Amino acid sequence: MSTKNDSIVNAASATSTVDPVIVEIIRNGLFAVTEEMKTNLMRTAYNLIIYEALDFTVGLFTKEGDTVSIGLGLPMFIRGMSETVKSKIRHFGYDNIHPGDILVTNDAYTTGSHLNHFTFTMPVFHENELIGFTCCMAHWLDVGGSLGQITTDIFSEGIQIPIVKYQSAGKVNQDLVDIIAMNVRLPERAMGDLRAQITAVTTGERRFLELVQRYGNHDVQASIQQIMDQSEAVARQNTLSIPDGVYTAESFMDDDGLEIGKRIPIRVKVTVKGDEMEVDLSDVSKQVKGFYNSGFTTGIACAQVAYKCLTTPTDYPVNDGSFRSLKVIMPMGTVISAERPYPMRVWMTFPMTVIDTIFKALAPAIPHRTIAGHHADLVFPNIHGISPEDGRLFIVGIGPLGGGWGAKSSEDGVSVTVCINDGDTHNSPTEQLEAKYPVLVESYKIREDSAGAGEHRGGLGAEMVVQALSPFTVTTRIDRMHCKPWGLDGGGEAAGNGIAIRHKGEWKTDLPNAKIFNVRLERGDAYKMLSGGGGGFGNPFKRDAHKVAHDVREGYVSSAAAKKLYGVVLDEQGVVNAAATHALRAG
């Protein structure tokens, strides 16, 4: 007797036309292509944000623009790159795309992100037939526009490049290059990163062609379809394990940087029916005046990132087959589907909380597969000034800082880890920062008592103090200071993100939010970044008292918090007083 489960599994096998061994070789070959694209970009890029922080993503796509493989990087690019490739196909048409072409844009409403993300796409031809595309989206440190100020429209955020050809049949459009170079503050670095991205897409083209030449285009294309079918089957199978129902949740963002203290609501509805899921984002806030908007593709990515985490977290390469069983409802004009000319410079902040809220909605249905709230922000200051060494302008982003992730039903949350939006990105090495810029990292440490209490404790945030060795200006766009990471099943909330400024030895800590714009620091002044923790899971009084004592010894939890939040009493040596602890917890 055939069951629904059998039909899902058989859907993939019914289309199999390639030896399974060859399929697995090609699967790993596709993954290797995008990893080499990633490696070559890192080796040739000029800016710290690319070669150290890894703020980029590379990918392979079908000739229709569907995702075949994405090099591990920023999860939120999962939709933006594919839709950008498709937009380029629609713009030029297949008849006007030729071997040796490279297509470029940084249009925020196409990529779904900000103008800093230049996206280069190269068609791959085999025996005069278009068989796919390679693509690289990477963060340029500066693209012109206002520096450090909050923006209120896209025109003040920098140069806008529509969909055009950077290279036509192998010939570079030098006029375009000259226009870009004239409109950025650090042209030598911008041009260096541009060349690095060209290296990435040409590497992808070369390696993909080698794969096709070795195994044949038919087997490669058939394997790609089979891999996507398999990803779909796994996603559907795991969706079946979620109880049918309608699940809702809400949270909020602190403000849009202009209307201070005016909360921005985030509401989601998730419907599960059989092997399909629908994520309705219609009630997410309307687009805002400040620069925290993102484009339609990012809204779709919010649902896709959450869905992949829940259904195919270890299925590689990342491909569009994983999302065939997901439907996303989202009108235009929201904070995650903004329309021109709404500003987009800090596009990445709000989507993280949308994903967090989707997990929150599903927590009652699948508590063993979701996590409590996390710090959900890059906690990333931007500084600029004049270098005392050469008298030239410098611009640098320091971070992301990393913070706490929420606890699970079975384990503590991870600590000082980059937020979900930035996945594989790294923080800025102290040695690199101090060698290249006039800064001194006074301290970088775990933030005591930042984790949400619970039977399973949330992850811990961090504290970083950076001193100015010469005058510079600092800007932060941090959110989730007031919307603190929530706990689940009786777990406590964590500390939120924060910022403090030291002028002439005095700390200012009473800021209304964690956003500051173009604050001047003199030599000896400093700023302090505070990343939030992760929410706890379960009743804190059920946490093993000896684990609490260990947390106190490690500096994760203060003895006062151990007693107040966990009901654990320690003696002067930090040893659990069993009798006093039992009495406190029983009372």
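Located above this text is the structure these notes cover.
First, a word on what this report is: a plain description of the structure on this page. (Residues numbered from 1 in each chain as written. Predicted model: local features only at pLDDT ≥ 70, side-chain atom pairs only at ≥ 80, totals over all residues. Heavy atoms only, no water.)

### Digging into the layout of surface pockets
And then number 1: In this structure, the largest pocket spans a volume of roughly 900 Å³.
And then number 2: The wall of the largest pocket is formed by 32 residues, among which Pro75, Cys309, Pro313, Trp405 and Ile420 lie closest to the centre.
And then number 3: It is helix H9 (residues 296-311) that provides the largest number of residues to the lining of the largest pocket, a total of 4 residues.
And then number 4: Of the residues assigned to the lining of the largest pocket, the class counts are 18 nonpolar, 8 polar and 6 charged. (1 Å grid on protein atoms, 1.4 Å probe; cavity = no way out; pocket = protein on both sides within 12 Å on 5 of 7 lines; lining within 4 Å. Points joined across faces, edges and corners; volume = space filled by probe spheres on them. Helix = DSSP H or I, 4+ residues; strand = E, 2+ residues; numbered from the N terminus. Nonpolar A, V, L, I, M, F, W, Y, C, P; charged D, E, K, R; others polar.)

### A look at the sheet that holds strand S14 (residues 439-446)
And then number 1: Taken together, the 5 strands give an open sheet; going across it, the order is S14-S15-S20-S17-S18, and neighbouring strands pair in antiparallel fashion. The open sheet has two edge strands, S14 and strand S18 (506-508), and neither has a second partner. For this sheet, the mean angle separating the axes of adjacent strands, direction not counted, is 20°.
And then number 2: In terms of strand pairing, strand S17 (residues 498-503) meets strand S20 (residues 526-530) through 5 bridges, oriented antiparallel. By the bridge assignment, glycine 498 is partnered in S20 with leucine 530. (Pairing = 2+ DSSP bridges. Axes fitted to C-alpha atoms, helices over the stretch in contact; angles between N-to-C directions.)

### What about the packing of helix H4 (residues 77-92) against H9?
And then number 1: H9 packs onto H4 with a crossing angle of 130° between their chain directions and a minimal axis gap of 7 Å. Here H9 runs oblique to H4, going by the angle between their axes. For the pair H4 and H9, the crossing hand works out as right-handed. Mapping the contact onto sequence places Ile78, Arg79, Gly80 and Glu83 in H4 and Thr297, Ile300, Ala301, Gln304, Val305 and Lys308 in H9. (Parallel < 35°, antiparallel > 145°, perpendicular 65-115°, else oblique. Left-handed = near helix turned anticlockwise from the far one by under 90°. Contact = heavy atoms within 4.5 Å.)

### What about the nonpolar core?
Nonpolar side chains in soluble globular proteins generally cluster together in the buried interior.
And then number 1: Within the largest apolar cluster, 127 residues are counted, with the highest numbers of intra-cluster contacts made by Phe120, Phe208 and Leu362.
And then number 2: Take this core: its biggest share by element is 11 residues, from helix H7 (residues 187-215).
And then number 3: By size, the runner-up hydrophobic cluster in this structure holds 26 residues, among which are Leu401, Val466, Ile501 and Tyr527. (Core = buried A, V, L, I, M, F, W, Y, C linked by side-chain atoms within 4.5 Å. Buried < 20%, exposed > 50% of the residue type's maximum accessible area, 1.4 Å probe, protein only.)

### Description of the pairing of strand S9 (residues 264-273)
And then number 1: Side chains Ile264, Ile266, Val268, Val270 and Val272 project from S9 onto a buried face, and the interleaved Pro265, Arg267, Lys269, Thr271 and Lys273 project onto a face without burial.
And then number 2: Pairing between strand S8 (residues 245-253) and S9: 9 bridges, direction antiparallel. Paired with threonine 248 across the two strands is lysine 269, which belongs to S9.
And then number 3: Inspection of the sheet shows S9 paired to strand S10 (residues 276-280) by 5 bridges, in the antiparallel sense.

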